[in-house]
Amino acid sequence: MTEINFKCKKCRKEFDCEVGKITFGMRLSFEKDVICPHCGKLKTEEQSCELELTEWGQTQVAELYFSEGENEAA
Ligand SMILES: [Zn+2]
């Protein structure tokens, strides 16, 4: 269960979405689709990205990133 707070670029509303496993790379990728409650499935491809992380979402991702790093080290 990984809920991240996003902002939809289409309707400019913030929402929480369960994204499954997050892959950390040059950019983030999510196991599950990101669904805006107003617009439906959002594109996450770099050129046509329809979502952004809120400040709170960035905090959530950073915490996951560091906790995952600890798991790998263990
Ligand atoms: Zn939307």
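Source: prediction; values computed, not measured. Throughout this document, residue positions are counted from 1 along each chain, in the order its sequence is written. pLDDT decides what is reported in this predicted model: residues at 70 or higher carry local features, side-chain atom pairs at 80 or more are listed and counted, and totals for whole chains, interfaces and linings draw on all residues regardless.

A. Representation of the overall build of the protein within the structure. We count a stretch as a helix when DSSP gives it H or I for four or more residues in a row; a strand needs E for two or more, and each element gets its number in order from the N terminus. The helix and strand inventory of the protein stands at 1 helix and 7 strands. Our radius of gyration looks at C-alpha atoms and nothing else; its globule reference is 2.2 Å times the residue count to the power 0.38. Taking 2.2 N^0.38 as the reference for a compact globule, 74 residues should give roughly 11 Å; the C-alpha atoms of the protein span a radius of gyration of 12 Å, in line with that estimate. Across its three principal axes, the protein shows a C-alpha extent of roughly 40 × 20 × 20 Å. Across the 74 residues that make up the protein, the buried fraction comes to 11%. Placing C-beta atoms from the backbone, we regard two residues as in contact once those atoms come within 7 Å. Summarising the internal contacts of the protein: among those between residues at least 6 apart in sequence, 45% fall at separations of at least 24. Backbone-placed C-beta atoms define the burial measure: a residue is buried with 20 or more other C-beta atoms within 10 Å of its own, exposed with 12 or fewer, and partly exposed in between.

B. Examining the environment of Glu 14 more closely. Within the secondary structure layout, Glu 14 lies in strand S2 (residues 14-18). By the C-beta count within 10 Å, which is 14 here, Glu 14 ends up partly exposed. Sequence spacing of Glu 14 and Val 34 is 20 residues, and the spatial spacing of their C-alpha atoms is 12 Å. Excluding residues within four positions of it along the chain, Glu 14 makes contact with Asn 5, Phe 6, Lys 7 and Thr 54.

C. Geometry of the environment of Asp 33. Following the sequence through the fold, Asp 33 ends up in the loop between strand S4 (29-30) and strand S5 (35-36). For Asp 33, a count of 13 C-beta atoms within 10 Å puts it in the partly exposed group. As for Asp 33 and Lys 43, which are separated by 10 residues in sequence, their C-alpha atoms are 8.4 Å apart.

D. Summary view of unusual backbone geometry. For Arg 12, which is not glycine, the phi dihedral falls at a positive 65°. By the secondary structure assignment, Arg 12 is in the loop between strand S1 (3-8) and S2.

E. Region of the structure containing the sheet that holds S2. Pairing between strands is defined by DSSP: at least two bridges between them are needed. An order of S2-S1-S7 is seen for the 3 strands of this open sheet, with the pairing classed as antiparallel. Two strands in the sheet have a free side with no partner beyond their single neighbour: S2 and strand S7 (51-53). Averaged over all adjacent pairs, the angle separating strand axes in this sheet is 45°, with direction ignored. Where helices are involved, their axes are fitted lines through C-alpha atoms of the stretch in contact, as for all axes, and angles between N-to-C directions lie from 0 to 180°.

F. Broad picture of the pairing of S2. Of the two faces of S2, only the one carrying Phe 15 and Cys 17 is buried; Glu 14, Asp 16 and Glu 18 on the other face are not. Relative to S2, S1 runs antiparallel, the two sharing 5 bridges. Bridge pairing in S2 links Lys 7 to Glu 14. Between S1 and S2, which pair antiparallel and follow one another directly, the connecting turn spans 5 residues, one of which, Arg 12, has a positive phi of 65°.

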